[in-house]
Amino acid sequence: MAALTNDGARTRVPLLAGNWKMNLDHLQAIAFVQKLAWSLKDARHDFASAEVAVFPPFTDIRSVQTLISADRLPLKFGAQDISAHDSGAYTGEISGAFLKALDCTYVIIGHSERRTLHNESDEQVAAKVTAAVKHGLVPVVCVGETAEDLEEHGPSAVPVAQLRVALAGLQAGTDVVVAYEPVWAIGSGQAATPEQAEQVAAALRSVVAELLGDETAAETRILYGGSVKANNIAGFMRQANVDGALVGGASLDVTEFSGIVRFQKHVGT
Ligand code: PEP
């Protein structure tokens, strides 16, 4: 199940994912994706050894899709949320069918900002995960504890409980990405330590094994998110159960995000 074998080889392709949140309009998105692609090309980034995905606002997705497809850029993209419903009277919501039609690969579900600002429950997160899978999208399921949870229950209890509900409706073999994002680390500049991230990532992988079987657990990528920067990514990527990062603020700076994507330069694996 380890991401790193004894000789340091990786068994899962890492995913470096940039969550833009409500930043960059569609014109800024085009300029950003072009710059990111050039920067990684200049650096001869090997996309087969570290996958890169951006998560723009809904209104940018068509522009990003057109650019990536026209220029055949080796970047993936996804949405920041999805409706649990397929279609109908749900003003303001976006169906997974629409996201799939725009070639989205991924969709972020249950980000702490949605759980907090939009009161999304674990059950709603689970319904969205089911909808994503139904429409052929890979859910990036976010879980994480607040500072109060950490003090009261320790680091793993809340993310483990959240993940159990989120994955309950899935079958073995489902392609899902889990993002462990301690709420206290998001946007705070105070990242978890690599050891803290590894401890929770290992517990989350056990949940995947319990619900979806060992084989799926061995293939599932578990990301760390929370104040990841180019200068701290290496520590996370050295952990056996951490397979990449979900990056907020630093994903809006091409140089910084490229540095994160090119973590192998710092890790040496
Ligand atoms: C996030 O919002 O998912 C996140 C990890 O943000 P930041 O990298 O800015 O902490």
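None of these values were measured; they are calculated from a predicted model.

Regarding the overall build of the protein chain
1) Next: When its secondary structure is counted, the protein chain shows twelve helices and eight strands.
2) Next: Along the first, second and third principal axes, the C-alpha set of the protein chain runs to 50 × 45 × 35 Å.
3) Next: Counting over 269 residues, the protein chain shows a buried share of 51%.
4) Next: In the protein chain, the share of contacts with a sequence separation of at least 24, taken over all contacts with a separation of at least 6, comes to 75%.

A few points about the site of the ligand
1) Next: Near the ligand, the surroundings consist of 14 residues, among which Lys21, Glu181, Gly187, Ser227 and Gly248 are the closest.
2) Next: A distance of 2.8 Å separates an oxygen atom of the ligand from a polar atom in the backbone of Gly248.
3) Next: Between the ligand and Gly249, the relevant distance is 2.8 Å, taken from an oxygen atom to a main-chain nitrogen or oxygen of the residue.
4) Next: Protein chains shield 96% of the accessible area of the ligand, which is 290 Å² for the free molecule.
5) Next: Among the residues making up the shell around the ligand, the classes are represented as four nonpolar, eight polar and two charged.

Some details on the layout of surface pockets
1) Next: Taken as a whole, the largest pocket holds about 400 Å³ of empty space.
2) Next: Around the largest pocket, the lining comprises 15 residues; the ones closest to its centre are Lys21, Met22, Gln80, Arg114 and His118.
3) Next: The biggest single contributor to the lining of the largest pocket is helix 4 (residues 112-117), with three residues.
4) Next: Residue composition of the lining of the largest pocket, by class: six nonpolar, five polar and four charged.
5) Next: By volume, the second largest pocket amounts to about 260 Å³.
6) Next: Around the second largest pocket, the lining comprises 15 residues; the ones closest to its centre are Asp81, Glu93, Arg114, Glu120 and Lys128.
7) Next: The leading source of residues in the lining of the second largest pocket is helix 5 (residues 122-134), at three residues.

Quick notes on the side chain of Glu198
1) Next: Note that Glu198 resides in helix 8 (residues 194-212).
2) Next: Despite its burial, Glu198 pairs with no opposite charge; the closest candidate is Arg205, at 7.1 Å N-O.
3) Next: What Glu198 contacts, discounting residues up to four positions off in sequence, is Gln239, Ala240, Asn241 and Val242.

Some words on the pattern of salt bridges
1) Next: Throughout the structure, instances matching the rule amount to twelve salt bridges.
2) Next: Among the ionic pairs, Lys134 bridges to Asp86, the shortest N-O distance being 2.4 Å. With Lys134 in helix 5 and Asp86 in the loop between strand 3 (76-79) and helix 3 (96-101), this residue pair connects regions lying 48 residues apart in the sequence.
3) Next: By relative accessible area, Asp86 is classed as partly exposed at 31%.
4) Next: Through salt bridges with shared partners, a single network forms among Asp81, Arg114, Glu120 and Lys128.

Quick look at the sheet that holds strand 7 (residues 221-225)
Each strand in a sheet pairs with another by means of backbone hydrogen bonds, the pair being arranged parallel or else antiparallel.
1) Next: Ordered in space as 1-2-3-4-5-6-7-8, the eight strands form a closed barrel in which the pairing is parallel. Neighbour to neighbour, the strand axes of the sheet diverge by 25° on average, direction disregarded.
2) Next: Bridge analysis of strand 5 (residues 138-143) against strand 6 (residues 177-180) gives four bridges, and the strand direction is parallel. Its bridge partner being in strand 6, Val140 is matched across the sheet by Val177.
3) Next: Its contacts with the sheet put helix 7 (residues 157-167) on strand 5 and strand 6, and the angle it makes with strand 5 is roughly 150°.
4) Next: Taken strand by strand, helix 8 contacts strand 5, strand 6 and strand 7, and its axis lies near 145° from that of strand 6.

Considering the packing of helix 1 (residues 26-42) against helix 2 (residues 61-70)
1) Next: Across the interface, helix 1 lies against helix 2 with an axial gap of 9 Å and an inter-helix angle of 30°. One element, helix 1, and the other, helix 2, form an angle in the roughly parallel class. The two elements helix 1 and helix 2 meet at a crossing, and its hand is right-handed. In this structure, helix 1 uses His26, Ala29, Ile30, Val33 and Gln34 to contact helix 2, whose residues at the interface are Ser63, Val64, Leu67 and Ile68.
2) Next: Class assignment for the residues of the contact of helix 1 with helix 2 results in six nonpolar, three polar and no charged.

Observations regarding empty space enclosed by the protein
1) Next: Going through the model one piece at a time under the given rule, you end up with one cavity of 30 Å³ or more.
2) Next: Empty space within the largest cavity amounts to approximately 40 Å³.
3) Next: Gly110, His111, Ser112, Arg115, Cys142, Val143, Gly144, Glu181 and Val183 together form the lining of the largest cavity.
4) Next: If you list the elements that add at least two residues to the lining of the largest cavity, you get helix 4 and strand 5.
5) Next: Among the residues making up the lining of the largest cavity, the classes are represented as three nonpolar, four polar and two charged.

Definitions and cut-offs
Residues numbered from 1 in each chain as written. Predicted model: local features only at pLDDT ≥ 70, side-chain atom pairs only at ≥ 80, totals over all residues. Heavy atoms only, no water. Helix = DSSP H or I, 4+ residues; strand = E, 2+ residues; numbered from the N terminus. Buried < 20%, exposed > 50% of the residue type's maximum accessible area, 1.4 Å probe, protein only. Contact = heavy atoms within 4.5 Å. Near = heavy atom within 4 Å. Polar contact = N/O pair within 3.5 Å; in protein donor to acceptor, adjacent residues only side chain to side chain. Areas by Shrake-Rupley, 256 points an atom, 1.4 Å probe, with all protein chains shown as cover. Nonpolar A, V, L, I, M, F, W, Y, C, P; charged D, E, K, R; others polar. 1 Å grid on protein atoms, 1.4 Å probe; cavity = no way out; pocket = protein on both sides within 12 Å on 5 of 7 lines; lining within 4 Å. Points joined across faces, edges and corners; volume = space filled by probe spheres on them. Lys, Arg positive; Asp, Glu negative; His and termini not counted. Salt bridge = Lys/Arg side-chain N within 4 Å of Asp/Glu carboxyl O. Pairing = 2+ DSSP bridges. Axes fitted to C-alpha atoms, helices over the stretch in contact; angles between N-to-C directions. Parallel < 35°, antiparallel > 145°, perpendicular 65-115°, else oblique. Left-handed = near helix turned anticlockwise from the far one by under 90°.

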